[in-house]
Amino acid sequence: MHLSSGYFHKSLFSHHSLNNISLILYALLLVILIVYPTLSSYNMFSILLQNHVIRSSERSDEIGTIQRRSSHPDKKSISRQPKSANYKPPTPITKTGTSTKSVLNDPSLQSTWAHRAWMVSGFTTVLISLASSATGAIDSHTWVGPLIAGFIGYVLSDLVSGIFHWAIDNYGSAKTPVFGRLIDAFQDHHQWPWSTTRYQFAKNLHEHARAVTFTVLPINLLCNNPTILAFVGVLSGCLMFSLQIHSWAHGTKSELPSIVLALQDAGIILSRSNHAAHHRPPYNNSYCTVSGLWNQYLDRYKFFELPEMIFFYKFGVRPRSWNEPTSEWTEETETLESLPASH
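Undergrad: Requested: an account of the pattern of salt bridges, with residues and values cited.
TA: Two side chains with opposite charge may pair up if their charged atoms get near one another. Considering all chains together, one arrives at 1 salt bridge under this definition. The residue arginine 181 makes a salt bridge to glutamate 207 at a minimum N-O spacing of 2.7 Å. Of this pair, arginine 181 sits in helix H6 (residues 180–191) while glutamate 207 sits in helix H7 (residues 201–222), and the two are 26 residues apart along the sequence. Under the relative-accessibility criterion, glutamate 207 is labelled partly exposed at 21%.

Structural data, given as structure tokens:
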């Protein structure tokens, strides 16, 4: 039996079918929201229990060391004794003031099943937008509008990422409603820029994917204009992946896939050289993190100085970039562990 392409188009890729997929996705998200708190409590208990076991083990090692030292009358001879064959060096850590940041095997850098679920939902939401746009373009035999709209979405996504990055870098704190955790994470990033390369994929992107899910899915359900859907799909997709693009901008050539290096060299995604200026004094430039296309123009014309002046004279709020660099802006390096050299 011969099945025409029109049959597949109407049955599998119609706007009605994509709406049904959107509704199913929303139902799955509702289940996630109901089940996740319970599993989060269990995971937290598991982490606390694991930390207790680790601390108990460390305490036992300390007691054993003290007992061995107290039983030996000659401290100098002990200090000269070579390390045994079973000696294991301590886990590499970085210390800054009173805080200690684990470099290796940090559970906070790893993805959970909930992170992956949000990643899948965000990715599916973007695909629904793009698929709906493509089917609409096929039906109307109009490709120019959606293609131009998609390109505009790509260009604007870089500008939006820069404005958002500038805002959370300069204003707010960990106590700020809604964005507090992101603000705190971006502040930590200035101290430990290399840490962004240690996050697992879903852990790095799940918050952006969650925002895309709740903002773009309603548009998918209510809109069938291929031009609008192309713009929304490309814009939201680029913004969702902007943190991963930013993470690649901190990687080294030896670590990055060839396709990523090619996209960076072509200027399609943010390059390492483009972003490097953001982590050098005065820490008030190169905010855009999708392609970096806007950075040269925003920096050249000092785009962010006007809103900073308005906020200062209107509300008395100084941006953090006006202050002398402190430990919050000073980059810390990994101690007791060598990183691959940048190329």
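Undergrad: Explain the nonpolar core residue by residue, including any values.
TA: Counting residues in each nonpolar core, the largest one holds 14 residues, and the members touching the most others are Met119, Phe186, Val212 and Met240. Within the residue set of this core, elements represented by two or more residues are helix H4 (113–140), H6, H7 and helix H8 (226–240). Among the elements that make up this core, the one with the highest residue count is H7 (5 residues). When sequence neighbours within four positions are dropped, the list of residues in contact with valine 212 reads Gly122, Thr125, Val126, Leu217, Ser236 and Met240. Judged by nonpolar contacts, the second largest core, of 9 residues, contains Ala249, Val260, Ile269 and Leu270.

Undergrad: Residue-level account of the packing of helix H5 (residues 144–170) against H8, with values.
TA: Contact pair H5 / H8: the axes reach a minimum separation of 7 Å and the direction vectors enclose 30°. Here H5 is positioned roughly parallel relative to H8, judged by the angle of their axes. By crossing handedness, the relation of H5 to H8 is classed as right-handed. On H8, the residues touching Gly145, Pro146, Ala149, Gly150, Ile152, Gly153, Tyr154, Leu156, Ser157, Val160 and Ser161 of H5 are Pro226, Thr227, Ala230, Phe231, Val234, Leu235, Cys238 and Leu239.

Undergrad: Go over a nonpolar patch on the surface with me, naming the residues and quoting the values.
TA: Where nonpolar side chains cluster on the molecular surface, the patch consists of Val144, Ile148, Phe151, Ile152, Leu156 and Val160 and spans about 530 Å² of accessible area. By the secondary structure assignment, isoleucine 152 is in helix H5.

Undergrad: So what about the side chain of serine 111? Which residues, and what values?
TA: Its location among the elements puts serine 111 in the loop between strand E2 (99–102) and H4. Given the relative accessible area of 13%, serine 111 is considered buried. In this structure the side chain of serine 111 is engaged in a polar contact, spanning 2.9 Å, whose partner is the backbone nitrogen of lysine 203. Once you skip the residues sitting within four places of it in the chain, serine 111 turns out to touch Arg116, Gln200, Phe201, Ala202 and Lys203.

Here is what the cut-offs are and how they apply
- Residues numbered from 1 in each chain as written.
- Predicted model: local features only at pLDDT ≥ 70, side-chain atom pairs only at ≥ 80, totals over all residues.
- Heavy atoms only, no water.
- Salt bridge = Lys/Arg side-chain N within 4 Å of Asp/Glu carboxyl O.
- Helix = DSSP H or I, 4+ residues; strand = E, 2+ residues; numbered from the N terminus.
- Buried < 20%, exposed > 50% of the residue type's maximum accessible area, 1.4 Å probe, protein only.
- Core = buried A, V, L, I, M, F, W, Y, C linked by side-chain atoms within 4.5 Å.
- Contact = heavy atoms within 4.5 Å.
- Axes fitted to C-alpha atoms, helices over the stretch in contact; angles between N-to-C directions.
- Parallel < 35°, antiparallel > 145°, perpendicular 65-115°, else oblique.
- Left-handed = near helix turned anticlockwise from the far one by under 90°.
- Patch = residues over 30% accessible without salt bridge, like charges linked within 9 Å, V, L, I, M, F, W, Y side chains within 5 Å.
- Areas by Shrake-Rupley, 256 points an atom, 1.4 Å probe, with all protein chains shown as cover.
- Polar contact = N/O pair within 3.5 Å; in protein donor to acceptor, adjacent residues only side chain to side chain.

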